[in-house]
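The chain contents come next:
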Amino acid sequence: MLKAAACDDNKIFLCEFEQILSKYPQIEKLSTFSDYSSLKKAIADGDTFDIIFMDIDFGEEKTGIDFASELYSVSPDSGIIYITCHRDRYAQQVFLEKTNLLGYLLKPIDLVLLERYLNIALRENEKRCFLSITVKGKGLHINCDRILWIESHNHTSTVCLENEKHIVYEKLRFLLERLPSHFAQSHKSYAVNMDKISILDSNSIFLANGVKIPVSRSFKKELNDKFFSFIGKSI
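For the structure given in this document, a descriptive report is provided here. These numbers were taken from a predicted model, which means no experiment stands behind them. All residue numbers here refer to positions counted from 1 along the written sequence of the relevant chain. Reporting of local features is limited, given that this is a predicted model, to residues whose pLDDT is at least 70; pairs of side-chain atoms are given and counted only at 80 or more, and all residues count toward the totals for whole chains, interfaces and linings. Working from all heavy atoms in the structure, the side-chain values ignore hydrogens and water.

**Describing the sheet that holds strand E9 (residues 156-160)**
As a reminder, the rule being used: Two strands qualify as a pair provided that DSSP identifies no fewer than 2 bridges between them. Counting from the N terminus, the helices are DSSP H or I runs at least four residues long and the strands are E runs at least two residues long. Every axis corresponds to a line fitted to the C-alpha atoms, with the helix fit spanning only the stretch in contact, and the corresponding angles, defined between N-to-C directions, vary from 0 to 180 degrees.
With respect to topology, five strands assemble into an open sheet ordered E10-E9-E8-E12-E11, the strand pairing being antiparallel. A strand with exactly one partner marks an edge of an open sheet, and here the two such strands are strand E10 (165-168) and strand E11 (183-187). Mean inter-strand twist for the sheet, computed between neighbouring axes without regard to direction, equals 20°. Taken together, the four bridges between E11 and strand E12 (residues 190-193) define a ladder with antiparallel strand orientation. In the strand pairing of E12, Gln 185 is matched with Ala 191.

This is the structure in structure tokens:
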């Protein structure tokens, strides 16, 4: 099931589109926004969306393509489906900005194409692994592929992503139980996403972004075995 958002400055279209999507079982929940700032605030407040239907022409200098690119930095897992009444005006521009592009729909909406996009989004969503944690009283679902490493201190753990960190009141071993097999412990206080390892030497791990993670003697052999097995399966 998909959590969806639709952002369009045409409130009549939003109402009609909401009625259309209510007929599709792939949609668990739909949130509608008549301006980009409201959508951005909802995401900043902790709302997550598997797909976002984004209008392109908002009648201002910035377009929905620009907005989708901005959202990619804070919600990279949200698939973007552009919706527009302009057949050719934006067709080539949608590929110029970095987004999680999923589709492109013309108004009036082609229902057959809409369902195909929903099914694609559903399949992609089912492939993802998410770590569910509680941060400052709010539930947060993090795509496991975004996690670089986790480090623990006493009764808390810090989940480290590329540009953000989240402190949770859970021990490292409990988090590892909920993570896929390509996460491995390198130290009693550290676990790493092996897909992010650039260099593994005798007592350290270097991630692709330059971060150095310690490797303790007690975890060295197990980590080496897991890492080279992981590399072998990836070739």
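**Quick notes on empty space enclosed by the protein**
Rules: A pocket, in this scheme, is an open set of points on a 1 Å grid over the protein atoms alone with protein on both sides within 12 Å along at least 5 of 7 lines, while a cavity is a set where a 1.4 Å probe fits but cannot get out; residues line either one if an atom lies within 4 Å of a point. Grid points are joined across faces, edges and corners, and a volume is the space filled by probe spheres set on the points. Any residue that is not Ala, Val, Leu, Ile, Met, Phe, Trp, Tyr, Cys, Pro, Asp, Glu, Lys or Arg is counted as polar, Gly included; the first ten are nonpolar and the last four charged.
Scanning the entire structure with this criterion turns up one cavity of 30 Å³ or more. Of the volumes computed, that of the largest cavity is approximately 40 Å³. Along the walls of the largest cavity sit Ile 52, Ala 68, Leu 71, Tyr 72, Ser 75, Ser 78, Ile 80, Thr 99 and Asn 100, which together make up its complete lining. Ranked by residue count, the leading element in the lining of the largest cavity is helix H3 (residues 64-72), at three residues. Broken down by class, the residue content of the lining of the largest cavity amounts to five nonpolar, four polar and no charged.

**Side note on H3**
For the record, the criterion: Exposure is judged per residue with a 1.4 Å probe applied to protein chains only, and the accessible area is read against the type maximum: over 50% gives exposed, under 20% gives buried, and values in between give partly exposed. Directions drawn from the helix axis to the C-beta atoms are what define this arc.
Every buried residue belonging to H3 is among Gly 64, Ile 65, Phe 67, Ala 68 and Leu 71, and all of these are buried. In an axial view of H3, the angular spread of the buried residues amounts to 160°, which keeps them on one side of the axis.

**Notes on the environment of Leu 114**
What counts is decided by this rule: Any two residues having at least one pair of non-hydrogen atoms within 4.5 Å are treated as being in contact.
Its location among the elements puts Leu 114 in helix H4 (residues 111-127). Residue Leu 114 is classed as buried on the basis of its relative accessible area of 0%. Between the alpha carbons of Leu 114 and Ile 12 there is a distance of 19 Å; along the sequence they are 102 residues apart. Ignoring sequence-local partners within four residues, the contact set of Leu 114 consists of Ile 20, Leu 21, Tyr 24, Phe 53, Leu 105 and Ile 109.

**Considerations on the pattern of salt bridges**
This is how the line gets drawn: Salt bridges are defined by distance alone: a side-chain nitrogen of Lys or Arg within 4 Å of a carboxyl oxygen of Asp or Glu.
Counted under the stated rule, the structure contains nine salt bridges. With a shortest N-O distance of 3.1 Å, Glu 164 and Arg 146 are connected by a salt bridge. With Glu 164 in the loop between E9 and E10 and Arg 146 in the loop between strand E7 (138-143) and strand E8 (149-153), this pair connects stretches of sequence that are 18 residues apart. Judged by its relative accessible area of 28%, Glu 164 falls in the partly exposed class. Given the relative accessible area of 24%, Arg 146 is considered partly exposed. In the salt-bridge network here, residues are joined through shared partners; they are Asp 8, Asp 55 and Lys 107.

**Notes on the side chain of Ser 204**
Looking at where Ser 204 falls in the secondary structure, it is placed in strand E14 (residues 204-207). Classification of Ser 204 as buried rests on a relative accessible area of 4%.

**Some details on the pairing of strand E6 (residues 130-135)**
Here E6 shows a buried face lined by Leu 131, Ile 133 and Val 135 and an unburied face lined by Phe 130, Ser 132 and Thr 134. The pairing of E6 with E7 spans six bridges and is classified as antiparallel. Looking across to E7, one finds that Ile 133 is bridged to Leu 140.

**Things to note about the packing of aromatic side chains**
Which entries qualify depends on this criterion: Only centres within 6.5 Å qualify two rings of Phe, Tyr or Trp (six-membered ring in Trp) as a pair; their planes then separate them into stacked at under 30 degrees, edge-to-face at over 60, and tilted for everything else. Our definition puts a charge over a ring when NZ of Lys or CZ of Arg is within 6 Å of the ring centre and also within 35 degrees of the ring normal.
Inspection of the entire model under this criterion finds six aromatic pairs. Taking 5.0 Å as the distance between ring centres and 80° as the angle between the ring planes, the aromatic pair formed by Phe 17 and Phe 53 counts as edge-to-face. Of this pair, Phe 17 sits in helix H1 (residues 11-21) while Phe 53 sits in strand E3 (residues 51-55), placing them 36 residues apart in sequence. Phe 53 matches Phe 17 in its accessibility class, with the two residues each being buried. Measuring from centroid to centroid gives 6.1 Å for Phe 33 and Phe 49, while their planes differ by 80°, and the two rings are edge-to-face. Taken together, the positions of Phe 33 in strand E2 (residues 27-33) and Phe 49 in the loop between helix H2 (36-44) and E3 put the pair 16 residues apart, joining distant regions of the chain. In this structure, Lys 107 packs its charged tip against the face of Phe 13, placed 4.3 Å from the ring centre.

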